[in-house]
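Read off the chains here:
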Amino acid sequence: MDKSNGLRVILFPLPLQGCINPMIQLAKILHSRGFSITVIHTRFNAPKASSHPLFTFLQIPDGLSETETRTHDVKLLITLLNRNCESPFRDCLSKLLQSVDSETGEEKQRICCLIHDSGWIFTQPLAKSLNLLRLALSTYTISFFRSHFALPQLRREMYLPLQDSEQDDLAEEFPPLRKKDLVRILDAETEQLDSYSDMILETTKASSGLIFMSCEELDQDSLSQAREDFKVPIFAIGPSPIHFPATPSSLFTPDKTCIPWLDRQEDKSVIYVSIGSLVTISESELMEIAWGLSNSDQPFLWVVRVGSVNGMEWIETIPEDFIKRLNEKGKIVKWAPQQEVLKHRAIGGFLTHNGWNSTVESVCEGVPMICLPFRWDQLLNARFVSEVWMVGIHLEGRIERNEIEGAIRRLLLETEGEAIRERIEHLKEKVGRSFKQNGSAYQSLQNLIDYISSF
Ligand code: UDP
């Protein structure tokens, strides 16, 4: 940490793995620049305070019942959290501001701003009444964040249904999505998110700034468009792994035995498979992935999260002799130290659901991808990977053993894979340069620090 600058930042992440990781990374970045850090968090999915002894953690009650904490319905969860947390958050923040004010004798630590996940929609009037500078952190790409506000209107305009011949056409309202992707994003399930999106837009426009863990090199056109859309200062400070690789902010316990296992594999020979912290699949999809991996005859490291297969505890319905066969070539774990894994010399490819964190972690380590997006921003990230940056192979939603086997072999064994690998190396360097002195992410971070220090 640089010498303390006497300023404290309050951070308020949404309690989801893909939102906690970037917020903790942001905390580490700001702390390294002299800021003290307080993280206000819910009881549900509380970050591990012991992993970050230099930060202060304050827990607020979230009012979730045991059943509610086990739901796979992210929309329901976010709605409940926004409803339940407003008042405890207000109490916590007000107390914090008062306690600092009443300090005597010692040098005062001024609270210079609140940075909350853009998914918290009740923060605006509160920060205003407390006269506190408020910035939002979006854990999406800039491109998805700005375009997803158009979804309610697209739904009203009855975007559906599509002719077969139109499926692969570009969705002009939301490039580089294809129309078939847009249809998946606009399904009935996400309809309930329309009013929530409107609230996020309102809260964002009323903020004093918007932070993205992305950079011009990955999101250039959208960055200038976002500046016009939101009319607040925007800081694209770069993907989190380029600042602090492998920050331990995992909600699950990573199975570290996969590292010595990877040590025993050849360079760039292993396909790593993970669908992140939220996606669930069916039992038959699990079996298709298992057969695809087995038939590819390449070593694999496969994360199957407990509870990620609908109706199953873990992988108990895979027959024992098949498990034995899988274990000859690969390793199945419940959760991996992902950034460490992606860094490992043995990893040759990543079969991913293309959550934004997984996508940028893969880019930052130069690991080419096989794209298997399921929902929401994953569909857009996968198009960027496969069609804009051209650093991955898209499975086009086909969770079928032959498709999976074919994609793994193309990526790891064929010249197509070599070309993809060269392109991702190039992209990795470009993104890395963005964080060197005078690069775009470097400059943006400096601007953010100057900005919050000036209030
Ligand atoms: N992750 C991990 N171990 C795993 C799987 C995922 O540490 O076995 C981490 C991964 O590094 C990433 C986060 O969990 O930082 C998942 O975020 P992402 O945005 O990719 O997907 P989400 O979980 O939000 O769908």
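Figured I'd write up the structure that's included with this text. (Residues numbered from 1 in each chain as written. Predicted model: local features only at pLDDT ≥ 70, side-chain atom pairs only at ≥ 80, totals over all residues. Heavy atoms only, no water.)

### Some words on the state of the cysteines
- Under the definition given, this model contains 0 disulfides.
- Looking at the unpaired Cys215, the closest cysteine sulfur is the one in Cys364, lying at 7.9 Å.
- In this structure Cys364 comes out as buried when scored by relative accessible area, which is 11%. (Disulfide = S-S within 2.5 Å. Buried < 20%, exposed > 50% of the residue type's maximum accessible area, 1.4 Å probe, protein only.)

### What to know about the sheet that holds strand E11 (residues 347-352)
- Overall, parallel pairing links the 6 strands, which are arranged E10-E9-E8-E11-E12-E13 in an open sheet. What marks the edges here is a single partner per strand, and that holds for strand E10 (330-333) and strand E13 (392-394). The sheet shows a mean angle of 15° between the axes of neighbouring strands, direction not considered.
- Looking at chain direction, strand E12 (residues 369-371) and E13 are connected through 3 bridges and run parallel. In the strand pairing of E13, Ile370 is matched with Ile393.
- In the packing of helix H12 (residues 283-296) onto the sheet, contacts are made with strand E8 (270-274) and strand E9 (300-303), and the angle to E9 comes to roughly 170°.
- Strands E9 and E10 of the sheet are contacted by helix H13 (residues 320-329), whose axis makes an angle of about 115° with E10. (Pairing = 2+ DSSP bridges. Helix = DSSP H or I, 4+ residues; strand = E, 2+ residues; numbered from the N terminus. Axes fitted to C-alpha atoms, helices over the stretch in contact; angles between N-to-C directions. Contact = heavy atoms within 4.5 Å.)

### A short note on the side chain of Arg383
- In this structure, Arg383 sits in helix H16 (residues 377-388).
- Polar contacts involving the side chain of Arg383 include one to the side chain of Glu396, which spans 2.8 Å.
- Setting aside its immediate chain neighbours within four residues, Arg383 contacts Pro176, Leu177, Arg178, Lys180, Asp181, Val388, His394 and Glu396. (Polar contact = N/O pair within 3.5 Å; in protein donor to acceptor, adjacent residues only side chain to side chain.)

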